[in-house]
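The chain contents come next:
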Amino acid sequence: MNDRPSPDRPKIRVRGLRKSFGPKLVLDGVDLDVAAGSSMVVIGGSGSGKSVLLKCILGLIPPDAGEIEIDGHDVLRLSAPERDRLRAGIGMLFQNGALFDSLPVWENVVFALLAQRRVSRREGQKRAGDFLAQVGLAPTVGDLYPAELSGGMQKRVALARAIAARPDIMFFDEPTTGLDPIMGAVIDGLIVDVVRRLGGTAIAITHDMASARRIGDAAAMLHGGRIIWTGLAADLMHSGNPAVDQFTHGRREGPIQMELRR
Amino acid sequence: MLALLGRGVIGAVRGAGQLTLFALDGLSHLVRPPFYWRMFARALLEIGYFSLPVVALTAIFTGMVLALQSYLGFARFSAQSATANVVVLSITRELGPVLAGLMVAGRIGAAMAAEIGTMRVTDQIDALTTLSTNPMKYLVAPRLLAGVIALPALVIIADILGVMGGFIVSVLKLDFGPATYLANTIHFMQTMDVVSGLVKAAVFGFLIALMGCFQGYHSRGGAQGVGSATTAAVVGASILILAFDYGLTELFFAR
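Residues numbered from 1 in each chain as written. Chains lettered and ligands numbered in written order. Predicted model: local features only at pLDDT ≥ 70, side-chain atom pairs only at ≥ 80, totals over all residues.

Undergrad: Just checking my understanding: could you explain the overall build of chain B for this structure?
TA: Summing up its helical and strand segments, chain B has 9 helices and 0 strands in all. Counting only C-alpha atoms and orienting by the principal axes, one finds that chain B spans roughly 65 × 50 × 35 Å. In chain B, which comprises 255 residues, the share counted as buried stands at 45%. Long-range pairs, those at least 24 residues apart, make up 87% of the contacts in chain B between residues at least 6 apart in sequence. (Helix = DSSP H or I, 4+ residues; strand = E, 2+ residues; numbered from the N terminus. Buried ≥ 20, exposed ≤ 12 C-beta atoms within 10 Å, placed from the backbone. Contact = placed C-beta atoms within 7 Å.)

Undergrad: Would you mind going over the nonpolar core with me for this structure?
TA: A general feature of soluble globular proteins is that nonpolar side chains tend to end up buried together. Membership of the largest hydrophobic core comes to 143 residues, with the highest contact counts inside it found for Val-109 of chain A together with Leu-207 of chain B. When residues of this core are assigned to their parent elements, the largest contribution, 17 residues, is made by helix H6 (residues 135-172) of chain B. Excluding residues within four positions of it along the chain, Leu-207 of chain B makes contact with Ala-237, Leu-240, Ile-241 and Phe-244 of chain B. (Core = buried A, V, L, I, M, F, W, Y, C linked by C-beta atoms within 7 Å.)

Undergrad: Hey, could you run me through the environment of Ala-43 of chain B in this one?
TA: Residue and element names in this part refer to chain B. Here Ala-43 is to be found in helix H2 (residues 37-49). On a C-alpha basis, the gap between Ala-43 and Val-55 in space is 17 Å, while along the polypeptide they are 12 residues apart. Discounting chain neighbours no more than four positions away, the residues touching Ala-43 are Pro-142, Arg-143 and Ala-146.

Undergrad: Explain the confidence of the model for chain B to me, please; I cannot follow it from the model alone.
TA: Any segment with low pLDDT has predicted coordinates that should not be analysed in fine detail. Chain-level statistics for chain B give a pLDDT mean of 94 and a share of 100% at 70 or above. Model confidence for the complex is summarised by a pTM of 0.88, with the ipTM given as 0.86. (pLDDT = per-residue confidence, 0-100.)

Undergrad: Looking at this structure, how should I read the sheet that holds strand E6 (residues 90-93) of chain A?
TA: One key point about sheets: their strands pair by backbone hydrogen bonds, in either a parallel or an antiparallel sense. Residues and elements named next belong to chain A. Taken together, the 6 strands give an open sheet; going across it, the order is E6-E7-E8-E3-E9-E10, and neighbouring strands pair in mixed fashion. At either end of the open sheet lies a strand with only one pairing partner, and these are E6 and strand E10 (226-232). Here the strands of the sheet are splayed against their neighbours by 15° on average, with no regard to which way each runs. The sheet contact formed by E6 and strand E7 (residues 169-173) spans 4 bridges and is parallel. Note on E7: the bridge partner recorded for Met-92 is Phe-171. Strands E6 and E7 of the sheet are contacted by helix H6 (residues 151-164), whose axis makes an angle of about 170° with E6. Lying on the sheet, helix H9 (residues 242-249) is in contact with strand E3 (39-43), strand E9 (218-223) and E10; it crosses E9 at an angle near 100°. (Pairing = 2+ DSSP bridges. Axes fitted to C-alpha atoms, helices over the stretch in contact; angles between N-to-C directions.)

Undergrad: How should I be thinking about unusual backbone geometry in this particular structure?
TA: As a rule of thumb, non-glycine residues mostly have phi less than zero, and peptide bonds are mostly trans rather than cis. All names here are of chain B. In this structure, Pro-34 follows Pro-33 across a cis peptide bond, with omega equal to 0°. In this structure, Asp-175 takes a positive phi of about 65° despite not being glycine. Counting through the fold element by element, Asp-175 comes out in the loop between H6 and helix H7 (178-188).

Undergrad: I tried to follow H9 of chain A on my own but got confused; where do I start?
TA: Counting along an α-helix, one turn takes 3.6 residues, and residues three or four places apart therefore face a common direction. All names here are of chain A. Looking only at H9, the buried set comprises Val-244, Phe-247 and Thr-248. The arc that holds the buried residues of H9, viewed along the axis, is 90°, so those residues lie on one side. Tucked inside the fold, the buried residues of H9 contact E3, helix H8 (209-215), E9 and E10. Positioned one or two residues after H9, Gly-250 has a phi angle of 65°, which is positive. (Arc of directions from axis to C-beta.)

Undergrad: Explain the packing of helix H3 (residues 52-74) of chain B against helix H4 (residues 83-121) of chain B to me, please; I cannot follow it from the model alone.
TA: Pairs of packed helices are described in terms of their axes, by the angle between the two and the distance that separates them. All names here are of chain B. For the pair H3 and H4, the least separation of the axes is 9 Å and the interaxial angle reads 145°. The element H3 and its partner H4 pack so that their crossing is right-handed. Here Val-54, Val-55, Thr-58, Ala-59, Thr-62, Gly-63, Leu-66, Ala-67, Ser-70, Tyr-71 and Phe-74 of H3 come into contact with H4, specifically with Thr-83, Val-86, Val-87, Ser-90, Ile-91, Leu-95, Gly-96, Leu-99, Ala-100, Met-103, Val-104 and Arg-107. Residue composition of the contact of H3 with H4, grouped by class: 15 nonpolar, 7 polar and 1 charged. (Left-handed = near helix turned anticlockwise from the far one by under 90°. Nonpolar A, V, L, I, M, F, W, Y, C, P; charged D, E, K, R; others polar.)

Undergrad: Honestly, the interface of chain B and chain A in this entry has me stumped. Any pointers?
TA: Much of the literature gives interface size as the accessible area that the parts lose upon coming together. Taken together, the contact pairs 10 residues of chain B with 15 residues of chain A. Looking at the side of chain B that touches chain A, its residues break down into 2 nonpolar, 6 polar and 2 charged.

Structure, rendered in structure tokens:
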């Protein structure tokens, strides 16, 4: 694998990505470039395929057609060990946290380090306290189980787990869904902080506009299985694209028609 | 009608193929490092230790009933003295492994399917993949090995307790002499009776873990999907146990 970075080459490059589930076409030729060191926010309605796009890039769902390049490597053509190596450099924050119920918090946080035999269990428990501190949690939280935590604390633990292996690419799937506005802002702040500190590239998907503007440098909108707009996250509220404007301002009337049965 | 039948046959063949590939994939991870010993120990404890009370009670009552029924049946042609022989033969060859297998299928097959199914629908299995951990290696392989080892251990205990159940009823209720009963049991029992039962138990343990993992791993659609996976794991494992029991009996004893 060639890991030489190129200034002209995007860190993540997606071309013509297609994916359907039975008769339902979810992604219909998605093109997306994410520059190294930037934070891209992908917005779109519920069921628009944002999570599917992220899972395709991660290799969790095989696409029907298209190309996905990370650091110039065609992810879909890599052998399983090469893909595992590439994936080891990616951290993922799942929508519902996806913490392992059967393991205490500290073991969740350093799971990747333990799995890769990079630390002993004793050392891992100590390191977990440091990672928990980075997301504003006391080291004593490490001894609890995920079911004993609130939604906001679970998200923070999941964030600590996502950054524990020091990934250079981070994916965030609806990071503020299900949280109150203040906790949402706290999580967004932590995300911005860890992305900046690690100096990595990030893709976040959300339909929370406040969150999108806080997290992202760049933004793209997924609608009808395609990316219909890309630009600066700061321009989201005045993009000039009627569909994006309808979505970001939450208007009923506009080019995006909800399928409602009356 | 023909199309319906065809769809059913194709579905069954496809299901069998998927299950076989899943089993081979899971087994292949037993010989490819790393092996998750902690997960193996946890599964072994869950299957072997926590199933002990239910298997023990099943074995004792089965032995007791078997002694009583055999005695009453054989009394019709004055062959009551064969009670000890029938009890030990039935328990070691058939009832020990089959009843322990069915009880463990209900307890462990369901628990495995529910746990792995919940992990599937809450993205925990995807999370494993993103954390450089192969889910088949972490979740499936240790459980398969634990099933193969734990069930024979349970069946050894079930054999002893089953014979003990028969002994208790025979001595306390049916007026057998304790020494005579034990002597009959020991003299009549052959190594092959016990070994065949243990081999059956190992196969049943594998099938229980396989069905629990397979159904959980492929569960879809939230709580209802996990519920369906749990039911399918128990029903599937039970049927496979009975089918393989016949096949293995043919293999060991048919002349």
